[in-house]
Amino acid sequence: MRLVLLGAPGAGKGTQAVNLSQKLKVPHISTGDIFRYNIRNGTPLGKMAKEYIDKGGLVPDEVTIGIVKDRLAQKDCSNGFILDGFPRTIPQAESLDSVLLDMGVNLDYAVDIFVPDTEIIRRLSGRRVCPACGMTYHIHFEPPEKDGACNGCGAALIQRDDDREATVLNRLETYHRQTEPLIGYYKAKGRLLVVDGQGKIDETTVKLLKVLGIK
Ligand code: AP5
Ligand code: MG
Ligand code: ZN
């Protein structure tokens, strides 16, 4: 299955993509994760991306599109993929369409995980991530077994730099202005599915599997 996950920052795209990727046996591709990997490793791409990410804006389209194009060309994407955090602008969505056309495949669905802004702020302020393996936690909603340590690898959990409140507000503004129009874009193409993401993590997973028709 070829999927795009839409939704505001903190809607749960990453959390749900991990579950779906295991279930569907297709790779989870998060442009945010790719940028953070590059930032951690001090690459030129990471240095450039950090300037935009720290302000809560978007990395320029031409950069992001190039990265996704290369990633989708890899072998493990031949049976499908879950794109998390891409596309985020209309030009990115149009580029994805043309990449898929070149590959001779179709996007199955774009799923919007809907969560209102007030809930987003609660989620992002409590989010903690593992810098080593990328697992995501929440201090109240999804706490690790041992305080401050990753369940999977034991590394000390950290807060993402862009989860500070001022940056979160900018990210939300960027989302409403530049990314929310994609809901209409995919609706017009008959590819849009909407899932209420306000419930518990497991409840959202159940709703996602149901709308996607996955047993
Ligand atoms: P990215 O990493 O994509 O950030 P984002 O869209 O802001 O999304 P998040 O990762 O913050 O949230 P999520 O929806 O994955 O939620 P999560 O599952 O973690 O991008 C970062 C930056 O990179 C962007 O701001 C931009 O600058 C740049 N970038 C990335 N892609 C780009 C692109 N295509 N073009 C240009 N620039 C790009 O959940 C959040 C928290 O809530 C967690 O703590 C989780 O445990 C908790 N939680 C999840 N579900 C629930 C639930 N149901 N109930 C309670 N808590 C929950
Ligand atoms: Mg994410
Ligand atoms: Zn870990």
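My aim in this report is to walk through the structure given alongside it, one point at a time. (Residues numbered from 1 in each chain as written. Chains lettered and ligands numbered in written order. Predicted model: local features only at pLDDT ≥ 70, side-chain atom pairs only at ≥ 80, totals over all residues. Heavy atoms only, no water.)

Take the coordination of the zinc ion (ligand 3) next. Protein coordination at the zinc ion (ligand 3) comes from C130 (SG), C133 (SG), C150 (SG) and C153 (SG), with a distance range of 2.3 Å. Given 4 donor atoms and angles of 99 to 124 degrees at the metal, the environment of the zinc ion (ligand 3) is assigned as tetrahedral. In the primary structure, the donors to the zinc ion (ligand 3) are separated according to the pattern C-x2-C-x16-C-x2-C. C153 gets classed as partly exposed once you look at its relative accessible area, which sits at 42%. (Donors = N, O, S within 2.8 Å, 3.2 Å for Na, K, Ca; no water. Tetrahedral: all angles 85-135°; square planar, octahedral: opposite > 155°, others 65-115°. Buried < 20%, exposed > 50% of the residue type's maximum accessible area, 1.4 Å probe, protein only.)

Remark: helix α2 (residues 31-40) packs on helix α4 (residues 61-72), axes separated minimally by 11 Å, with the N-to-C direction vectors making an angle of 100 degrees. Of the possible angle classes, the one that applies to α2 and α4 is roughly perpendicular. For the pair α2 and α4, contact is made by T31, I34 and F35 and by T64, I67 and V68, respectively. Broken down by class, the residue content of the contact of α2 with α4 amounts to 4 nonpolar, 2 polar and no charged. (Axes fitted to C-alpha atoms, helices over the stretch in contact; angles between N-to-C directions. Helix = DSSP H or I, 4+ residues; strand = E, 2+ residues; numbered from the N terminus. Parallel < 35°, antiparallel > 145°, perpendicular 65-115°, else oblique. Contact = heavy atoms within 4.5 Å. Nonpolar A, V, L, I, M, F, W, Y, C, P; charged D, E, K, R; others polar.)

Let us look at the site of ligand 1. Taken together, 35 residues surround ligand 1, and among them T15, G57, R88, R127 and R171 come closest. One nitrogen or oxygen atom from the side chain of T15 is found 2.5 Å from an oxygen atom belonging to ligand 1. In this structure, G85 approaches ligand 1 through a main-chain N or O atom, which is 2.9 Å from a nitrogen atom. Burial of ligand 1 by the surrounding chains reaches 97%, relative to a free accessible area of 1000 Å². At the level of secondary structure, the elements contributing two or more residues to the shell around ligand 1 comprise α1 (13-24), α2, α6 (117-125) and β6 (136-138). In terms of residue count, the dominant contributor to the shell around ligand 1 is α2 (4 residues). Of the residues assigned to the shell around ligand 1, the class counts are 12 nonpolar, 13 polar and 10 charged. (Near = heavy atom within 4 Å. Polar contact = N/O pair within 3.5 Å; in protein donor to acceptor, adjacent residues only side chain to side chain. Areas by Shrake-Rupley, 256 points an atom, 1.4 Å probe, with all protein chains shown as cover.)

When the terminal C-alpha atoms of α1 are compared, their 15 Å separation across 12 residues agrees well with the 16 Å that a helix rising 1.5 Å per residue should span. For α1, the complete set of buried residues consists of K13, Q16, A17, L20 and S21. Relative to the axis of α1, the buried residues are bounded by an arc of 135 degrees and lie together on one face. Of the surrounding secondary structure, the elements contacted by the buried residues of α1 are β1 (2-6), β2 (28-30), β3 (81-84), β4 (109-114) and α9 (201-212). Directly beyond the C-terminal end of α1, a positive phi value near 55 degrees is found at K25. (Expected span 1.5 Å × (residues − 1). Arc of directions from axis to C-beta.)

Strand order in the open sheet made by the 5 strands is β2-β3-β1-β4-β7, with parallel pairing throughout. The open sheet has two free edges, formed respectively by β2 and β7 (192-196), since each of these has just one partner strand. The mean inter-strand angle of the sheet, taken between neighbouring strand axes irrespective of direction, is 25 degrees. (Pairing = 2+ DSSP bridges.)

Don't take any of this as a statement about function, it's just geometry.
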